[in-house]
Every structure is written in structure tokens, then in C-alpha cells.
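# Architecture at a glance
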Amino acid sequence: MHGMADKITIFGAGYVGLVSGACLAHSGHDVTLLETDEGKLDSLRRGVSPIFEPGAEDLIAEGVAAGRLRFLHPDEAGPLGGILVIAVGTPTTTTGAADLTAVRTVVDRIASAAEPGAIVAMKSTVPAGTGVRLAEKLRGYGCEYVSNPEFLREGSAVQDWYHTDRIVLGGTPVALERMKALYADIDAPVLTCDITSAEMIKYASNAFLATKISFINEIASICDFLGAQVDDVAAGIGMDARIGKDFLRAGIGWGGSCFPKDTRALDFIATINGYDFHLLRAVIEVNARQRVLPVRALKSELGELEGKRVAVLGLTFKPETDDTREAPALEIIPLLAAEGAEVVGYNPMTLGGDDYAGVRVCPTLDEAVACAEAVVITTEWPEIRDADWTALIATMAGRRLVYDGRNCLDPGRVRDAGGTYLGVGRPQ
Ligand code: UGA
């Protein structure tokens, strides 16, 4: 610990709040996590993380044992001083705008209980322009406001916390100095700017990453026409340091709790300000189109899908998470079911319950794949990627079609085993 430590209170024990709290406690800070959901609170107090995030549960246990981390209902919190971190959800609404209900509730609570000199740090993703208004309001209660966007990825959030590319802090110089103490043990450049710029950095980062993915997905489609291999193309362009190799994996598109919501919200922000963000709109459209690819491919390879068994593998939006928000499988399964296919699902991590998007979830990969005429890989979980596909294909029926929506299998191996392989931008 460095210098005079501020105590930290975090509102919201979701992915961002919980990981931030666990990591800050691990770094020696005194952290109180406030959560309104009694079920989550109960689970946390028993030492069980309500979300699956590699490494988080150990850090929570360590923080609790050391007396540096505790979980309370906001009503139990008392006066709010030090650094108050807001990490509640900002889900999408039908217009695409972010729903700020939970943020407003927390801000009202802070206004009524804050000790003068408290700093309010916003980690929830709020529309650019929101922070300036909140800062104005909170200043009336003696609080300083800082925008501190989060760049953690689900599934590797704890790693990302300690190995981030940058820390972004938007606000007044005095408040920013106190915020820097939170990250004193992290070796990363700190970018300081005004509040609205910090908010834009968050949206622009996610929009740019989504753009990279949609871009490579467009290139993949053209590769399919031309007979080029998108993996090689991505590797080749990625070697140019100006482009960078990351987020160039072609497939059935991005999902999750962030890219879909944040791209829609940024598009909404543009629209409400009278600006048409053409490029972003195209990025979103391309992503929606990627979801249809496996269904079209199955129809063109197998003809009518009526009564044909199809196994959809990997039901979360990406590997190593239990999060199914905007998971590609959630959209692809209903499309296949609408074609009359007999769809079953499988996910390496149990998601609770045996029903997903209206179809049966099989307990094992073997059971899901057995007798299927086609499998669609929707998430590249290691268990799926590294399975014995020679053996699996032997249990399939008909054309034994493997639609690899994440380009994670070796096409040659599938074909040698008697399967029909289709990837995204990987023509034979
Ligand atoms: C994303 C950002 O990567 C984080 O920096 C950010 O903090 C977070 O959103 C957020 O705003 O909270 P996350 O959604 O957890 O993180 O997951 P990613 O690893 O970015 O993957 C997002 C989606 O893109 C997944 O569906 C993944 O399968 C897909 N993807 C990713 C591709 O299709 N191709 C790629 O090359 C990379």
C-alpha cells in the first residue's frame, strides 16, 4: 500500500464490481462491496462467487479472510466516504439507449449519504455526456466525480486487471490523483482526460474491436468465394503493427454483455445528436448476418432440415464464462428450430437447468453429437476444440457435417475422419 489509503466502497457485485473489489482487496485496499440482490449477497457471504470468473473466488476468499473485503446490502452501509465506485449494470433498451435506472438509484443514495470529499468513480459504462451531468449534481453534495472505464474481458478479468494496457481516468486533477492510488501496484500507463473523453474512450474501444471482428468476417466471406484462407490472411495483416493481430478471428460474430450493448448505445448517442454513424451501423449489421451463416450452410449442404438432428456446441458467448448474454447460440438455435431441425445443445460448463433457448441440453459432448447429421460449434471451449473429433464423427449420421463457427478445428482432421467440414472463410 502506498500513502494514505482511501477506503473503497463498490456498488454492484456483477462482473466488474466483483472482480474490481477482489483485486483491490488483494492489492491491500479496504473494500466494501454493496449488493442489493439478497441471493448474491448470501452466496458471497458463504464464500461462493455468484459468477464464474477464473481466479475471482480465490481472491474473494483471501480478501474476506484478511478482513479487507466485506459484502453488505446498501441499507447497511452507513455514511459513504472515501472512494465510491459505481459498477452497476447499464443494460440496453429497445431504442438501443443504455438504461441508467440502476446508476441513478446509486447516485441518489450517494447524494443522501456521502461524506464531503468523497470521490465517485464511474466504472459502469454510461453514455458519453452522462458523467458531466452527474458530476454537477454530486458536486452539490461535496463529491468529486471521476470516469474510470473498465476494459476487463470476461473469462480473463482477473488477469486483465493486473495486466491492462492502460488505465483511463477522466475528471479534475485533484480527484485523479486520489484515484491513481487505487492502481499504484499496476504497471500500466495512466491516461488522464476530461470526463466525456473518458466515456468516449470506452465506447470507441469496444466499437473499434467490434469493427475489427466484423471487418475480418467480411474478408472471410470474400475468402470463401475466392478460395483464400482467412486464417492466413488474418495472420498476414496482423503482422503489421499498425493493424495488430488481435480480434481478427473470423466466425459467427461477437456476442456478450458488452459489444452488442455498447455498439447499439454508441449508435444511439450518434443518432440522438443528429449524426449518422454509418460505419458502426454496418459493423452491427455484418455481425447479425454472421449468425445466419451456419443455418444457410446447413440448408445448402443437407437440404431440408426438417427432422434432422443438429447439435449446437458451446452455449455461452465465449469460452471460460457462464455468461450467455447475446450468445450466438441463443440466436442460431431458434433459426435451426424454425427450419424444423431437431436441435440439442451442449456446453462444457453446466448453465443450470437442462433447457436452453427451448432445446434440450445434453449432459455430455458425446451424447450431444451422437446420431447428429450436423454439429455447429458456436463457442471454442477447449473441451470442444480439443475433443477426439475422429471418434465423435464416427458416432454421427448422414453427411456428418461439422460447421465450425469459430474456426477452431483442423479441417483436415475432420475430413480424414469422414466428416464434412465447413468453417468461416476456410474453403476447401
Ligand atoms: C469486451 C472487451 O474485450 C473488454 O475490453 C471490455 O472491457 C468488455 O467488453 C466490456 O465492455 O466490459 P468481453 O465482452 O468480455 O470483453 O469479451 P471479448 O473477449 O472481447 O469477446 C467478445 C466477443 O467477440 C465474443 O463473442 C468473442 O467470441 C468475439 N470475438 C472476439 C470474435 O468473434 N473474434 C475475435 O477475434 C475476438
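Predicted, not measured: the structure shown is a model, and the values here were computed from it.

### Some points on the overall build of the protein
Helices and strands together make up the secondary structure of the protein, namely 16 helices and 15 strands. Its C-alpha atoms give the protein a radius of gyration of 23 Å, within 12% of the compact-globule value 22 Å for 428 residues. Taking all 428 residues of the protein together, the buried fraction comes to 53%. The long-range fraction of contacts in the protein, counting pairs at least 24 apart against all pairs at least 6 apart in sequence, stands at 70%. Summed over all atoms, the accessible surface of the protein reaches about 18500 Å², with 56% contributed by carbon and sulfur.

### Considering helix H3 (residues 56–65)
Listed in full, the buried residues belonging to H3 are Ala56, Leu59, Ile60 and Gly63. Buried residues along H3 cover an arc of 105 degrees about the axis, so they all sit on one side. Turned more than 90 degrees away from the buried face of H3 sit Asp58 and Ala65, all of them exposed. Of the surrounding secondary structure, the elements contacted by the buried residues of H3 are helix H1 (15–26), helix H2 (38–45), strand E3 (69–72) and helix H6 (157–162). Following H3 by one or two positions, Gly67 adopts a phi angle in the positive range, close to 75 degrees.

### Structural notes on a nonpolar patch on the surface
A cluster of nonpolar side chains, Ile222, Phe225 and Leu226, forms an exposed patch at the surface whose accessible area comes to about 400 Å². Relative to the helices and strands, Phe225 is located in helix H8 (residues 195–226). Judged by its relative accessible area of 74%, Phe225 falls in the exposed class.

### Digging into the site of the ligand
Around the ligand, a shell composed of 19 residues is seen, among which Leu152, Glu154, Lys202, Asn206 and Cys258 lie nearest. In this structure, Phe151 approaches the ligand through a main-chain N or O atom, which is 2.9 Å from an oxygen atom. Here an oxygen atom of the ligand sits 3.0 Å away from a polar atom, N or O, in the main chain of Gly255. Isolated, the ligand exposes 710 Å² of accessible area, and the fraction of that covered by the protein chains is 93%. Mapped onto the shell around the ligand, the elements with two or more residues apiece are H8 and helix H10 (259–272).

### With respect to the domain arrangement of the protein
Taken domain by domain, the protein holds domain 1 (7–193), domain 2 (202–227 + 244–289) and domain 3 (291–422). A separation of 24 Å is found between the C-alpha centroids of domain 2 and domain 3. Between domain 2 and domain 3, the residue contacts involve 14 residues of the former and 17 residues of the latter. Between domain 2 and domain 3 the total buried area reaches about 1200 Å² when both faces are included, carbon and sulfur atoms providing 46% of it. Seen at the junction of domain 2 and domain 3, the total is two salt bridges. A salt bridge links Arg264 to Glu326, with the nearest nitrogen and oxygen atoms 3.1 Å apart.

### Digging into H10
An ideal rise of 1.5 Å per residue puts 20 Å on 14 residues; H10 measures up with 20 Å between its terminal C-alpha atoms. Taken as a whole, H10 has its buried residues at Phe259, Pro260, Lys261, Asp262, Thr263, Ala265, Leu266, Asp267, Ile269 and Ala270. In this fold, the buried residues of H10 make contact with H8 and helix H11 (278–302). Of the residues one or two after H10, Gly274 is the one with positive phi, at around 80 degrees.

### Looking at the sheet that holds strand E12 (residues 359–361)
Reading across from one edge, E11-E12-E10-E9-E13-E14-E15 is the order of the seven strands in this open sheet, with mixed pairing throughout. The open sheet is flanked by strand E11 (355–356) and strand E15 (420–422), the only strands paired with a single partner. Relative to strand E14 (residues 401–404), strand E13 (residues 374–377) is paired through four bridges, and the arrangement is parallel. Counted as the bridge partner of Ala374 is Leu401 from E14. In this fold H11 packs onto strand E9 (309–313), E13, E14 and E15, with an angle of close to 160 degrees to the strand it touches most, E14. Helix-sheet contacts for helix H12 (residues 328–338) involve E9, strand E10 (342–346), E11 and E12, and the interaxial angle to E9 is about 175 degrees.

Calculation criteria
Residues numbered from 1 in each chain as written. Predicted model: local features only at pLDDT ≥ 70, side-chain atom pairs only at ≥ 80, totals over all residues. Heavy atoms only, no water. Helix = DSSP H or I, 4+ residues; strand = E, 2+ residues; numbered from the N terminus. Rg over C-alpha atoms; globule rule 2.2 N^0.38 Å. Buried < 20%, exposed > 50% of the residue type's maximum accessible area, 1.4 Å probe, protein only. Contact = heavy atoms within 4.5 Å. Areas by Shrake-Rupley, 256 points an atom, 1.4 Å probe, with all protein chains shown as cover. Arc of directions from axis to C-beta. Patch = residues over 30% accessible without salt bridge, like charges linked within 9 Å, V, L, I, M, F, W, Y side chains within 5 Å. Salt bridge = Lys/Arg side-chain N within 4 Å of Asp/Glu carboxyl O. Near = heavy atom within 4 Å. Polar contact = N/O pair within 3.5 Å; in protein donor to acceptor, adjacent residues only side chain to side chain. Domains from an automatic or database assignment. Buried area = accessible area lost by both parts, 1.4 Å probe. Expected span 1.5 Å × (residues − 1). Pairing = 2+ DSSP bridges. Axes fitted to C-alpha atoms, helices over the stretch in contact; angles between N-to-C directions.

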